[in-house]
Amino acid sequence: MVAICCGLDKLQNHQCWPLCCFAINVLTLMLQPPPAKYGGRHTVTLIPGDGIGPELLGHVREVFRFSCVPVDFEVVNVNSALETEVDINNAITAIRRNGVALKGNIETKHTMPPSVKSRNNVLRTSLDLYANVMHCQSLPGVQTRHKNIDIMIIRENTEGEYSSLEHESVSGVVESLKIITRNNSLRIADYAFRLAREKGRRRVTAVHKANIMKLGDGLFLQCCREVASGYPDITFDSMIVDNTTMQLVSKPQQFDVMVMPNLYGNVVSNVCAGLVGGPGLVPGANYGRDYAVFETATRNTGKSIADRNIANPTAMLLASCMMLDHLKLFDYASSIRNAVLTTMNETRLHTADIGGQGTTSEVVQSVMRIIQSKGQLTAEL
Amino acid sequence: SLNVRKLFQFNFVYRMQTVTLIPGDGIGPEISTAVMKIFEAAKAPIRWEERNVTAIKGPGGKWMIPPDAKESMDRSKIGLKGPLKTPIAAGHPSMNLLLRKTFDLYANVRPCISIEGYKTPYTDVNLVTIRENTEGEYSGIEHVIVDGVVQSIKLITEEASRRIAEYAFEYARNNQRNSVTAVHKANIMRMSDGLFLRKCREVAENYKDIKFTEMYLDTVCLNMVQDPTQFDVLVMPNLYGDILSDLCAGLIGGLGVTPSGNIGANGVAIFESVHGTAPDIAGLDMANPTALLLSAVMMLRHMGLHDHAHKIQMACFDTIRDKKVLTKDLGGNSKCSEFTAEICRRVQDLE
């Protein structure tokens, strides 16, 4: 199996590619988190990013230190004001070394020339983090217009409209290429169905615009159908993206698991995050074959609320819990997650974005107090 | 006294204007009839010219709309269209696409205003989406590079971007709107959306009375479902416009109550209902004419007939708010003809 994976790129056009796909997928199922080094402690790359990233990740470190979580952070700063790629390449190397990362959003400045690509995108494509997973759940403590939402969104994370292939063929005419490949579509569809089965979900909906983009989204849809035939216990249907957004704002309870290409994923995940209460609440994860990077689901820089102690730390804390689950540190993950959700739903200590008056540090203090009260080993408050 | 009143009414004689009416398929004919009845009750100075736009093969072998339809549109410059069937395996492209190409309908305008009396989780929505309708992601240029790799081309041109931006600001000015927001994804699509954004900024320089802002598509989606009142006029390229305009339609109650207008070059404007043909209820007097009626009201405003527009809109909204006579999709069990008659009665009362 290792030999097959080594010859991966040569085999892509080979006839036994479907078999190789299967083999690779089995390998992914068995994906082990990076082994703990240096006395049972994991090392995780931390990329603070811009805006509210640094302060929120600072709080994550505070909570980890307090709860005696056996994780050390390797901090790599990426300066978004520079045009060179040195910083982001360092970050990518660090993630390759450690296998896992927690990051804030890196700003993309419009004043730079178009050759300077979005750093977040470069990170995702270089590490081949092909699946972006987001779980949107209504929280009882948050006032929203819609209740009982429970949607898992799986978004293709490396190709589609985010291929960053653009050129100006004639002055005043710009072409941007959207690439859809069979391999990546099969891969993401397979990931979606496997995850649905693992979590006991009943239905997968593919979101597309194949009535207009017949070849591109048509290929994506076809791949989803192929994969769906191998999972007869899970219902598969499809919906056009504009109808999807309309249904989401009127009856979001009808959706279970959704799988889609990159740009529609961007739209749908932001709509769903808004429906359950906003960008401060939902964590997101980017999974590849070998690496995993955790961040907030809607990837906002939050420049306008940076350094004012009003940002909502929930999304980042929950993302760090997802990371702990990935590292198989389940007890620590549930302890922190439980404390965050108790603060949100029972204590009802809310920050401004969900209508409260609490500050970021108050919420974090509350989380730490709850962890301590459960009797676990903690540092001084 | 009745004769004296009638004499006074004739003092305001509006010039009769011709409008090309395309009833469409399915429920199209019945809702078109409903609109014509209501306009008659409101004494709107409109002369309807009914035309069919089923595609025919032209002399060069190219598909085109029938010449009498084209001639009528070119002459009247204003059109009202019902829903058209999407042809599957008919050999010709969709009629909507043909109309768009024939008249160069470059702007799709959808005002989304909450209808009092038709409850949705969102109240106080009052925004307009203006979508570039000719290029962008819907250029239709796709290729299979190698087996298993497909490339779709998104085209953004300076000319089209400038044109749509200018229309957006003109619309904002003519309709007393305060701000225009350009929706884009220029952090990822640096060159294409970057060009769109640049053109919007340039045009904004000539409209200093209107506030111009820029926002990422994902941020707009996020904020739209939390607080839609913060948005006013939104201008954007084709795909984002498609998604956002349907999202906004969902906020106010769906395609059955959303008006829409398409603006073309050479002063042509076609107003339409954007819902489907609903073949399952066609001919059963169950259809809801609200979407087509509100589009017709948009048309009256475009033509400068604000009094009639206001009267008809008020009658329609009052009927819905009253909840006594509503079609099935609005939550009642009245027939389409009953709903229409009720609106006609209210329009006449408003005289």
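- For chain B, an unreviewed UniProt entry supplies the name Isocitrate dehydrogenase [NAD] subunit, mitochondrial and the organism Sphaeramia orbicularis.
- Quoted verbatim from the Catalytic activity (unreviewed entry) heading of the UniProt record, the comment on chain B is "D-threo-isocitrate + NAD(+) = 2-oxoglutarate + CO2 + NADH".
- For chain B, the Subcellular location (unreviewed entry) comment in UniProt is given as "Mitochondrion".

- Identification of chain A as Isocitrate dehydrogenase [NAD] subunit, mitochondrial from Sphaeramia orbicularis is taken from an unreviewed UniProt entry.
- Among the UniProt annotations of chain A, the heading Sequence similarities (unreviewed entry) holds the following wording: "Belongs to the isocitrate and isopropylmalate dehydrogenases family."
- Database annotation for chain A, UniProt heading Subcellular location (unreviewed entry): "Mitochondrion".

Here's the deal with the sheet that holds strand E11 (residues 283–287) of chain A
Residue and element names in this part refer to chain A.
Argument step 1. Pairing is mixed in the open sheet, where 10 strands are placed in the order E2-E1-E3-E12-E11-E4-E5-E10-E8-E9. Single-partner strands in this sheet number two, and they are strand E2 (71–75) and strand E9 (235–240). Taken over all neighbouring pairs, the strand axes of this sheet differ in orientation by 25° on average, direction set aside.
Argument step 2. Here strand E4 (residues 131–137) runs beside strand E5 (residues 150–156); their pairing, made up of seven bridges, is antiparallel. By the bridge assignment, Gln137 is partnered in E5 with Asp150.
Argument step 3. Helix H7 (residues 182–198) rests against E4, E5, strand E8 (203–208), E9, strand E10 (257–260) and E11 of the sheet, and its axis sits at about 160° to E5.

Notes on the packing of aromatic side chains
Argument step 1. Applying the stated criterion across every chain yields a total of 11 aromatic pairs over all chains.
Argument step 2. Plain terms: the ring middles of Tyr167 of chain B and Tyr171 of chain B are 6.2 Å apart, the flat faces sit at 40° to each other, and that makes the pair tilted. Here Tyr171 of chain B and Tyr167 of chain B lie together in helix H5 (residues 158–174), a separation of four residues that amounts to about one turn.
Argument step 3. Since its relative accessible area comes to 15%, Tyr167 of chain B is described here as buried.
Argument step 4. A relative accessible area of 13% places Tyr171 of chain B in the buried class.
Argument step 5. Through a chain of ring-to-ring contacts, three or more aromatic side chains come together here, namely Tyr130, Tyr191, Tyr287 and Phe294 of chain A.
Argument step 6. Geometry around Tyr216 of chain B places Lys185 of chain B over its ring, the cationic atom sitting 5.8 Å from the centre.

Considerations on helix H2 (residues 28–41) of chain B
Argument step 1. Over its 14 residues, H2 of chain B extends 20 Å from the first C-alpha to the last, a length consistent with the 20 Å expected when each residue adds 1.5 Å.
Argument step 2. Residues of H2 of chain B that are buried include every one of Gly28, Glu30, Ile31, Ser32, Ala34, Val35, Ile38, Phe39 and Ala41 of chain B, and no others.

Quick word on the nonpolar core
Argument step 1. Membership of the largest hydrophobic core comes to 70 residues, with the highest contact counts inside it found for Phe39, Ile46, Trp48, Leu80, Ile130, Val235 and Met299 of chain B.
Argument step 2. The element contributing the most residues to this core is helix H9 (residues 290–302) of chain B, with eight residues.
Argument step 3. Counting only domains with at least three residues in this core, you end up with domain 1 (15–109 + 254–350) and domain 2 (121–252) of chain B.
Argument step 4. Counting residues in hydrophobic clusters, the runner-up holds 68 residues, among them Leu195, Phe236, Ala319 and Val367 of chain A.

Some details on the domain arrangement of chain B
Residue and element names in this part refer to chain B.
Argument step 1. When cut into domains, chain B gives domain 1 (15–109 + 254–350) and domain 2 (121–252).
Argument step 2. Here domain 1 and domain 2 have C-alpha centroids that lie 25 Å from each other.
Argument step 3. Facing the 14 residues of domain 1 at the interface are 15 residues of domain 2.
Argument step 4. Summing the contributions of domain 1 and of domain 2, the shared interface buries around 1,200 Å²; its carbon and sulfur component is 56%.
Argument step 5. Three residues stand out in domain 1 for area buried against domain 2, namely Tyr106, Asn108 and Val109, and they jointly supply 49% of the buried area on that side.
Argument step 6. Between Arg163 and Asp104 there is a salt bridge, with the nearest N and O atoms lying 2.9 Å from each other.
Argument step 7. At the surface where domain 1 touches domain 2, the tally comes to four residue pairs in polar contact (both at pLDDT 80 or more).
Argument step 8. Of all the secondary-structure elements, those providing two or more residues to the side of domain 1 that touches domain 2 are strand E6 (105–113) and strand E13 (259–264).
Argument step 9. The biggest single contributor to the side of domain 1 that touches domain 2 is E6, with five residues.
Argument step 10. Class assignment for the residues of the side of domain 1 that touches domain 2 results in eight nonpolar, four polar and two charged.

Digging into the packing of H2 of chain B against helix H11 (residues 336–349) of chain B
Residue and element names in this part refer to chain B.
Argument step 1. Look at H2 against H11: their axes get within 9 Å of each other, and the N-to-C directions meet at 15°. Classified by the interaxial angle, the pair formed by H2 and H11 is roughly parallel. The hand of the H2/H11 crossing is right-handed. Two secondary-structure elements touch here, H2 through Ala34, Lys37, Ile38 and Ala41 and H11 through Cys336, Thr340, Ile343, Cys344, Val347 and Gln348.

Let's talk about the interface of chain A and chain B
By a widespread convention, an interface's size corresponds to the accessible area lost as its parts come together.
Argument step 1. Listed by partner, the interface residues are 56 residues for chain A and 49 residues for chain B.
Argument step 2. Buried surface at the junction of chain A and chain B, both sides included, amounts to about 4,400 Å², of which 64% is carbon and sulfur.
Argument step 3. In terms of surface lost to chain B, no three residues of chain A exceed His110, Arg145 and Met246 of chain A, which account for 15% of the buried area on that side.
Argument step 4. At the junction of chain A with chain B, the criterion picks out one salt bridge.
Argument step 5. The residue Asp242 of chain B makes a salt bridge to Lys209 of chain A at a minimum N-O spacing of 2.8 Å.
Argument step 6. Counting the contacts that link chain A with chain B gives 23 residue pairs in polar contact (both at pLDDT 80 or more).
Argument step 7. Its residues assigned to classes, the side of chain A that touches chain B comprises 24 nonpolar, 20 polar and 12 charged.

Some points on the domain arrangement of chain A
Residue and element names in this part refer to chain A.
Argument step 1. By the assigned domains, chain A splits into domain 1 (34–107 + 119–144 + 279–373) and domain 2 (147–167 + 174–276).
Argument step 2. Placing the centre of domain 1 and that of domain 2 at their C-alpha centroids yields a distance of 25 Å.
Argument step 3. Residue-level contacts link 23 residues of domain 1 with 26 residues of domain 2.
Argument step 4. The contact between domain 1 and domain 2 buries some 2,200 Å² in all, and 49% of this surface belongs to carbon and sulfur atoms.
Argument step 5. Considering only the surface of domain 1 that becomes buried against domain 2, Tyr130, Met134 and Cys136 emerge as the three largest contributors, covering 29% of it.
Argument step 6. Run the count over domain 1 and domain 2 and you get one salt bridge.
Argument step 7. The closest approach of N and O atoms between Asp128 and Arg187, which form a salt bridge, is 2.8 Å.

Observations regarding the side chain of Ser273 of chain B
All names here are of chain B.
Argument step 1. Within the secondary structure layout, Ser273 lies in strand E14 (residues 269–273).
Argument step 2. You can call Ser273 buried: its relative accessible area is 2%.
Argument step 3. In this structure Ser273 touches Ile31, Lys81, Gly82, Pro83, Ala291, Leu292 and Ser295, once residues within four positions along its chain are discounted.

A word on the packing of helix H10 (residues 262–276) of chain A against helix H8 (residues 238–252) of chain B
Argument step 1. At a minimum axis separation of 12 Å, H10 of chain A and H8 of chain B run at an interaxial angle of 25°. As far as their axial angle goes, H8 of chain B and H10 of chain A are roughly parallel. In this structure, H10 of chain A meets H8 of chain B at a crossing whose hand is right-handed. Between H10 of chain A, through Leu263, Tyr264, Val267 and Val271 of chain A, and H8 of chain B, the contact on the second element is made entirely by Leu239, Tyr240, Ile243 and Leu247 of chain B.
Argument step 2. Of the residues that constitute the contact of H10 of chain A with H8 of chain B, the class distribution is eight nonpolar, no polar and no charged.

What counts and how
- The numbering scheme is per chain: residues are counted from 1 as the chain's sequence reads.
- Chains and ligands are labelled sequentially in the order written, the chains with letters from A and the ligands with numbers from 1.
- Local features in a predicted model are, by the rule used here, given only for residues with pLDDT of at least 70; side-chain atom pairs are given and counted only at 80 or more, and totals for whole chains, interfaces and linings are based on all residues.
- Think of the side-chain values as coming from all heavy atoms in the structure, minus any hydrogens and water.
- UniProt positions are given in the numbering used here, feature names are shortened, and annotations may be inferred rather than shown by experiment.
- Paired strands are those between which DSSP finds at least two bridges.
- Note on conventions: DSSP H or I runs of at least 4 residues are helices, E runs of at least 2 residues are strands, and numbering of each starts at the N terminus.
- Throughout, an axis means a line fitted to C-alpha atoms (over the contacting stretch in the case of helices), and angles, computed between N-to-C directions, take values from 0 to 180 degrees.
- Whether two residues touch is decided by their heavy atoms; if any such pair falls within 4.5 Å, the residues are in contact.
- Ring geometry is summarised as follows: Phe, Tyr and Trp rings, the Trp one being its six-membered ring, pair when their centres sit within 6.5 Å, and such pairs are stacked at plane angles under 30 degrees, edge-to-face over 60 and tilted between the two.
- Buried residues are those whose accessible area, probed at 1.4 Å on protein chains only, stays under 20% of the maximum for their type, while exposed residues exceed 50% and partly exposed ones sit between those limits.
- Only when the NZ atom of a Lys or the CZ atom of an Arg is both within 6 Å of the ring centre and within 35 degrees of the ring normal do we say a charge sits over the ring.
- To estimate how far a helix should reach, multiply one less than its number of residues by 1.5 Å.
- What is meant by a nonpolar core is a set of buried Ala, Val, Leu, Ile, Met, Phe, Trp, Tyr and Cys residues, joined one to another through side-chain atoms within 4.5 Å.
- Start and end positions for the domains come from either an automated domain assignment or a database one.
- For any pair of parts, buried area is found by adding up, for both, the accessible area (1.4 Å probe) each one loses once the two are put together.
- Just to be clear on terms, a salt bridge is a Lys or Arg side-chain nitrogen sitting within 4 Å of an Asp or Glu carboxyl oxygen.
- As used in this structure description, the phrase polar contact means that two N or O atoms lie within 3.5 Å; if the pair is within protein, one of them must be able to donate a hydrogen and the other to accept it, and residues adjacent in sequence are counted only when both atoms belong to side chains.
- Each residue gets one of three labels, nonpolar for Ala, Val, Leu, Ile, Met, Phe, Trp, Tyr, Cys and Pro, charged for Asp, Glu, Lys and Arg, and polar for the others, Gly among them.
- These descriptions rest on fixed angle ranges, namely under 35 degrees for roughly parallel, over 145 for roughly antiparallel, 65 to 115 for roughly perpendicular, and the rest for oblique.
- Two helices crossing with the near one rotated counterclockwise from the far one by less than a right angle form a left-handed crossing, whereas a clockwise rotation gives a right-handed crossing.

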